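Listed here are the chains, written in short residue letters.
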Amino acid sequence: MTLPHPLDLSRHWRDLYDPLLTHLCETGNAAWAGQLQNQLLQRFVSHPHGDLERWQNAYNGLPVSAAAKVLPNRSAVAVTANEPDQPDMRLGSLQPELEHALRGLMPWRKGPFEFFGLSVDTEWRSDWKWDRVAPHLSDLTGRTVLDVGCGSGYHCWRMWGAGASRVIGIDPGLLFLMQFLSLKRYDNAAPVDLLPIRVEDLPPDMAYFDTVFSMGILYHRRSPIDHLLDLKATLKPGGEVVLETLVIAGNEGEVLMPEDRYAMMRNVWFIPSSRSLKRWLARAGFVDIRVVDESLTSTEEQRATDWMQFQSLSDFLDPSDPSKTAEGYPAPLRATLIARKPR
Ligand SMILES: Nc1ncnc2c1ncn2[C@@H]1O[C@H](C[S@+](CC[C@H]([NH3+])C(=O)[O-])CC(=O)[O-])[C@@H](O)[C@H]1O
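Residues numbered from 1 in each chain as written. Predicted model: local features only at pLDDT ≥ 70, side-chain atom pairs only at ≥ 80, totals over all residues. Heavy atoms only, no water.

Participant: Please clarify how the pattern of salt bridges should be interpreted in this entry.
Facilitator: Pairs can form between side chains of opposite charge whenever their charged atoms are close. Applying the stated criterion to the full structure yields 21 salt bridges. As a salt-bridge pair, E244 and K129 come within 3.0 Å of each other at their nearest N and O atoms. Taken together, the residues E244 in strand β11 (residues 235-247) and K129 in helix α5 (residues 126-133) connect sequence positions 115 residues apart. In this structure, E301 and R132 form a salt bridge, with 2.9 Å as the shortest nitrogen-oxygen distance. Highlighted residues: E301 in the loop between β14 (287-296) and α10 (313-316) and R132 in helix α5, separated in sequence by 169 residues. Note on E301: relative accessible area 2%, which makes it buried. Salt bridges here are not isolated pairs; linked through shared partners, they connect R198, E200, D201 and R221. (Salt bridge = Lys/Arg side-chain N within 4 Å of Asp/Glu carboxyl O. Helix = DSSP H or I, 4+ residues; strand = E, 2+ residues; numbered from the N terminus. Buried < 20%, exposed > 50% of the residue type's maximum accessible area, 1.4 Å probe, protein only.)

Have a look at this one:
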């Protein structure tokens, strides 16, 4: 099934989400499907974002192609023509309208992506994060996966590429949704969906997912232990949580709470040491807790590009000492932890 063109989410949201809603009903989640319909109605019809029309207009300028697909197993997740020699799908003929449409969806933060050979170089090399996380995951083959705070859905495509049978990303940002749909429209049968909802909009005690990812979220939560409990509630018994967040170097019990901003970011609450985070996961009832990676975020991984022209990490660090943030805190260090919900 192809998406309606031109797309008007206030009228077509049901067409967009129908396969997912049907799937949820068929897998015993009719109650969630019902709740989601109300939430989607709110987002697209009752209280649409002021910029949604502009973003939709940009999206609707993307060239129409019946025969394209998403290749999710590449560093730059790529949309390509099924037949590379299809005359209308060669970059030369597409480039002006393609680039104009995609630039209308700037800033592109999470990626990278490629559309018919055109590279969209995003602020983040999200592929580097994926490369740090992926080797440590339980095999995703056949798993139902949730990605909380998925941004543009870059990692959702990679999860599908790694074998997940269904991937649901949630993120309240509607620009991220339009960026996601710029790929999805070319491969609408892919079992990958992005819902513009918040983690707190999920039903309690879902016990539906085999794996849940929370990457780049925990430090934004005012109640981090509640966030861990919320993640656990989304999982089936035995399911896996993948937690990636800012940490400090330090011992068990140590936590940084910035006075105000951290690396210019508002809304940063708790930055624990990895050992403290292990303890938090244990107290939240997870087992088999492993710290699988700790890496400093480099200014090559997060930087301004032609597709995200605002300030980026190098502007958020102390110019005279890049091992510190502009506020004098330790520069961003990120850890990935993997744990399991008991059976
Ligand atoms: N209440 C909420 N519920 C769900 N998502 C939210 C909420 N509030 C904000 N977000 C979303 O959480 C994401 C955090 S970014 C990590 C992206 C990706 N995971 C990555 O690992 O690159 C990290 C960062 O840029 O600081 C954003 O896309 C928000 O819109």
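Participant: I'm lost on the packing of α5 against helix α6 (residues 154-161) in this one. Help?
Facilitator: Angle between the axes and distance between the axes are the two parameters that describe a pair of packed helices. Interaxial distance between α5 and α6 falls to 10 Å at its minimum, and their mutual angle equals 40°. Relative to α6, α5 is oriented oblique. Regarding α5 and α6, the two cross each other, and that crossing is right-handed. Here S126, D127, K129, W130 and D131 of α5 lie close against α6, whose contacting residues are Y154, H155, R158 and M159. (Axes fitted to C-alpha atoms, helices over the stretch in contact; angles between N-to-C directions. Parallel < 35°, antiparallel > 145°, perpendicular 65-115°, else oblique. Left-handed = near helix turned anticlockwise from the far one by under 90°. Contact = heavy atoms within 4.5 Å.)

Participant: Would you take a moment to explain the nonpolar core for this structure?
Facilitator: The nonpolar side chains of a soluble globular protein tend to be buried, and buried together. Ranked by size, the top nonpolar core spans 93 residues in total, and within it W32, F115, L195 and F213 carry the most contacts. Within the second largest apolar cluster, 10 residues are counted, among which are Y219, L246, Y262 and F316. (Core = buried A, V, L, I, M, F, W, Y, C linked by side-chain atoms within 4.5 Å.)

Participant: What's the story with the site of the ligand in this structure? I'm lost.
Facilitator: If you check the shell around the ligand, you find 18 residues, and the closest are K129, G149, D171, V199 and M215. Residue V199 places a main-chain N or O atom 2.9 Å away from a nitrogen atom belonging to the ligand. In the environment of the ligand, a nitrogen atom lies 3.0 Å from a nitrogen or oxygen atom belonging to the side chain of E200. Isolated, the ligand exposes 650 Å² of accessible area, and the fraction of that covered by the protein chains is 81%. Taken together, the residues of the shell around the ligand break down into 7 nonpolar, 5 polar and 6 charged. (Near = heavy atom within 4 Å. Polar contact = N/O pair within 3.5 Å; in protein donor to acceptor, adjacent residues only side chain to side chain. Areas by Shrake-Rupley, 256 points an atom, 1.4 Å probe, with all protein chains shown as cover. Nonpolar A, V, L, I, M, F, W, Y, C, P; charged D, E, K, R; others polar.)

Participant: Where do I start with the sheet that holds β11 in this structure?
Facilitator: Two orientations exist for strands paired in a sheet by backbone hydrogen bonds: parallel and antiparallel. Across the sheet, which stays open at both edges, the 7 strands sit in the order β9-β8-β7-β10-β11-β17-β14 with mixed pairing between neighbours. The strands lining the two open edges of the sheet, one partner per strand, are β9 (192-195) and β14. Taking each pair of neighbouring strands and ignoring which way they run, the sheet shows an average axis angle of 15°. Relative to strand β17 (residues 333-340), β11 is paired through 8 bridges, and the arrangement is antiparallel. Along β17, the bridge assignment pairs V247 with L333. The strands that helix α1 (residues 9-26) touches are β8 (166-170) and β9; relative to β9, the one it contacts most, it runs at about 105°. (Pairing = 2+ DSSP bridges.)

Participant: Help me understand the UniProt feature "binding site: carboxy-S-adenosyl-L-methionine" (unreviewed entry) in the chain, please; the structure alone is not making it clear to me.
Facilitator: In this structure's numbering, the residues bearing the UniProt feature "binding site: carboxy-S-adenosyl-L-methionine" (unreviewed entry) are K110, W124, K129, G149, V199, E200, M215, Y219 and R334. A maximum C-alpha distance of 25.6 Å is found for the annotated residues, which run over 225 residues; spatially they are spread out rather than grouped. Tracing the chain through its elements places E200 in the loop between β9 and β10 (209-215). Locating R334 in the fold gives a position in strand β17. Contact partners of R334, with chain neighbours within four places excluded, come to W124, K129, G216, Y219, E244, T245, L246, V247, D293, E294, S295 and T297. Within polar-contact distance, the side chain of R334 engages the side chain of Y219 at 3.3 Å. (UniProt positions renumbered as here; feature names shortened; annotations may be inferred.)

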